[in-house]
Structure formats: structure tokens, C-alpha cells
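Report on the structure
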Protein chains: 2
Amino acid sequence: MNNRETILENALILFASFGYDATGVQEICDQSGITKPTLYHYFRSKRGLMEALLKENYTPYIKRLKDACEYRRDLPQNIAEVLRSTFHFAESNLLFYKLQFSMRNAPARGEAYDIITPWIKAQHEPVLSLFSAAEKDNGNMRGRAQAYTITLLGMANAYIQQAVEEDIALNDDLAYQARQQFMYGIFS
Amino acid sequence: MNNRETILENALILFASFGYDATGVQEICDQSGITKPTLYHYFRSKRGLMEALLKENYTPYIKRLKDACEYRRDLPQNIAEVLRSTFHFAESNLLFYKLQFSMRNAPARGEAYDIITPWIKAQHEPVLSLFSAAEKDNGNMRGRAQAYTITLLGMANAYIQQAVEEDIALNDDLAYQARQQFMYGIFS
DNA sequence: ACCTTACTATACCGTACGGTATAGTGATTT
DNA sequence: AAATCACTATACCGTACGGTATAGTAAGGT
């Protein structure tokens, strides 16, 4: 494994364990067996390192999420796919999931929040389009696309948190259960 | 207002805006119009300041939550009360709610997480007892008290987040809606 | 008058931070 | 053989951090 990958790997572990602010560049270098100029050669700053980390880990999930949000007049199917892709995202790289979750919920005026903002948008945007498209087929959903987006993703996180703490699998069954519960919230 | 209260008030604003790590003691002092020895007189350390902040703001909520979790063989009633008290907690001091939420979801090895851990337990414990008590009256809930606790509190957070971002009121109607959705998840 | 107590300002401590200037190294290109 | 390139180590920069030693001040008790 080359130095760039080693740095990214150790940065993920340290950032996820101690947070962005509390993790020093020197610490990442020590853990990776390199020195600072090497790190600054590959990533132009601490921020640049975090940006690269987010890009590498988010990209496949966002791509799959976009597919999951392609509306084909079957909203329940879409919702199941959104939940499945999000569960898979969390399960396949739990460390990164924890990191991004803590950053999303970090105070809004910190560097960490700045860096993750575009990715939050990239996640919300396709889900929001999905519910906007579904509105046209279902009158009593009108004007609530934004609310549905927040609630669906919020519920996914609640399920993931539960699965992590209870050590149960984030499988399709759980996604189905979450979908039923979410849809009940919509149509009641 | 005395200096102690001024410091606590400004610390809340700054910690909630920029985070515990990113907020310097000097910044809090400047904002409060005092100097560091004054702060260190009232609070023995930066950590002590945060602990005092949590204690003052959490205590009334935990007390009310405990009442809400007193089981009288009417679980739906208890759940409604848990949601109501939590919604009220968030709405009456949104800044503090945001602060504690970001700390709860912060990386588990930081000082901020250490400080808040006992309060997380103080919140979980009465809700867990509630579901444990309800288990005895309802066989098909057996062994899931922990899962219900996490899901209920997680759902409350999802609703609060939605209410904040959509600028809608965290009133009893919303608590009722959240309860229905949660109970659907239990009994299905 | 004297002592204690609660509180506050000036000025400083050691440490760690993010980042870099300098000087290489070893492989590839010309 | 010379020059170029990607990469890496040593040693250092200025700044900001959490925290404190010292020296008061102002009020109340005796």
C-alpha cells in the first residue's frame, strides 16, 4: 500500500475516534510512519486531507442513492431502495459512517461542518427530487417533500444507530420494517 | 446578572456555535467581559465549565422525563409524555439542545463525549425502565426494551430536527403524530 | 484597626498546533 | 551525463491553547 492510502486509512481511524479538531496532523503522520511534508505533499492541508477522505468514501454511496431515487411511479419501491442503500453504506464502512454522522451533527460554524456541507446536499438532493416527483401522483403529499426527506433520512439514522448498539444486522428485513413504519407516518 | 451567569450564558452560545474543542477559554472571557482568573475562580477548568453548563440545563428535563416514565399500565400515555417532555426540552432552549445533540454524536474518545456520557445514561435509564416494566404486561415486547428506547429517542430527535429545519412548532399534535408512528413500529 | 473572604487583573508558563523552508533522495527522461 | 521529477526527512516558524503565579481590590466580621 502506498503512502497516500496509508495516510487516508489512518486519518479515517483517528478522525472517527477523536474528531477532526482533536486529531493533530502529527498524530496522523506518526501513525502512518511518515512525516509531515509527505502528508502535505499528497494533501495540501489538513482540510484537503479531510476533503479527500470524504470524496473517496461518499462517492459510491451517492451514486447508488441517485439510482435508488429514480422515480418509476412506485414510491414504496424507491423508499426501500433508499433505505437499503443507506444501510449498506453504513454497514460496509461503519467507521466512516460514524465519522460523517458526527460531522453532520457538529456545530454549524466549525471547519468540519463546512467541509461536509456539500455532501449533505448531495445526499438530500436526490431524495428531495424523489418526493417532489411523487407529489405529482399523490395529492395529499403536496408541499411536504422537504419534511419527508428529513424524516426518512432521520429514521434511517435512528435504525442504524439502533443496529450498531444492539449489534444486529442492517439487512433487507430491517429496511423493510423501517419502510413500513415510515409509510405509516406519511399516510396517517 | 452576576459574572458566573454571564460566563455560563456566553459559554453556551460559543460552545453551541463552534464546538467544545474549537472554543477557547479566552474567547469566552472576552465575550463575557472578564478575564481568565475570574472564569477559573467559578469553574475549576474548561471541563468544569462545561459540566456546570450541562448540569444546569439538563436537570429540569431529566426530572420531568422521570415523571413521564412512571408506568401506570398505560404505555401509550407514557410514550406521549416522553415525547412531549423531550419536545419541550428542545423548544424551550434550542441552543442547548443543539449543543447536547452535537456532543452526543461526537467521536467517543473526546473530552466532550466523556463529559456528556453520564447525562446520556440519565436520559436512557428512565425510558429503559419504562419499557422494561411494560414488557411484563405485553408478552410480544419481551427482550426489546433497549431497542425501543433507542428507537423512541432517535425518532424524537428526527422529529425535532425536522421541526427546526422546517420551522414548525414542537407542539402536542406533533408529539401525538410521532407516538402513532412509533407505536406502529412496535406492534407490526 | 485588623483579618478574612470573595473576587478580579496583569503577565506569564509550557505545550501543541497547522504549516513550511531547506535540503536532500532515488528513479526516469533526455 | 545531465536534468527533471516525485517524493521524503530535519528542523523550524508564528500562533494559540489551557492554565497559573502574583498581586491586588472591595466588602464584611471581629
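Note that this is a predicted model, so its numbers are computed, not measured.

Considering the domain arrangement of chain A
Residues and elements named next belong to chain A. You can read the domains of chain A as domain 1 (1-43) and domain 2 (53-186). Facing eight residues of domain 1, the contacting portion of domain 2 comprises nine residues. Buried area between domain 1 and domain 2, both sides added, is near 780 Å², and the carbon and sulfur share of it is 77%. Three residues, Leu8, Leu12 and Tyr20, lead the burial of domain 1 against domain 2; their summed loss comes to 64% of the area buried on that side.

Side note on the protein's contact with DNA strand C
Around DNA strand C there are 15 residues in total, and Val25, Lys36 and Lys46 of chain A together with Asn3 and Thr35 of chain B lie nearest to it. Among the atoms of DNA strand C close to the protein, meaning within 4 Å, 58% are from sugar or phosphate groups. Here Thr35 of chain B contributes a side-chain N or O atom positioned 2.6 Å from a phosphate oxygen of DNA strand C. In the environment of DNA strand C, a phosphate oxygen lies 3.1 Å from a nitrogen or oxygen atom belonging to the side chain of Tyr42 of chain B. Where the surface near DNA strand C is concerned, the elements lending two or more residues are helix H3 (36-42) of chain A together with helix H3 (36-42) of chain B. Examining the composition of the surface near DNA strand C, we find that four residues originate from one element, H3 of chain B, more than from any other. Split by residue class, the surface near DNA strand C holds six nonpolar, seven polar and two charged.

Cut-offs and rules
Residues numbered from 1 in each chain as written. Chains lettered and ligands numbered in written order. Predicted model: local features only at pLDDT ≥ 70, side-chain atom pairs only at ≥ 80, totals over all residues. Heavy atoms only, no water. Domains from an automatic or database assignment. Contact = heavy atoms within 4.5 Å. Buried area = accessible area lost by both parts, 1.4 Å probe. Near = heavy atom within 4 Å. Polar contact = N/O pair within 3.5 Å; in protein donor to acceptor, adjacent residues only side chain to side chain. Helix = DSSP H or I, 4+ residues; strand = E, 2+ residues; numbered from the N terminus. Nonpolar A, V, L, I, M, F, W, Y, C, P; charged D, E, K, R; others polar.

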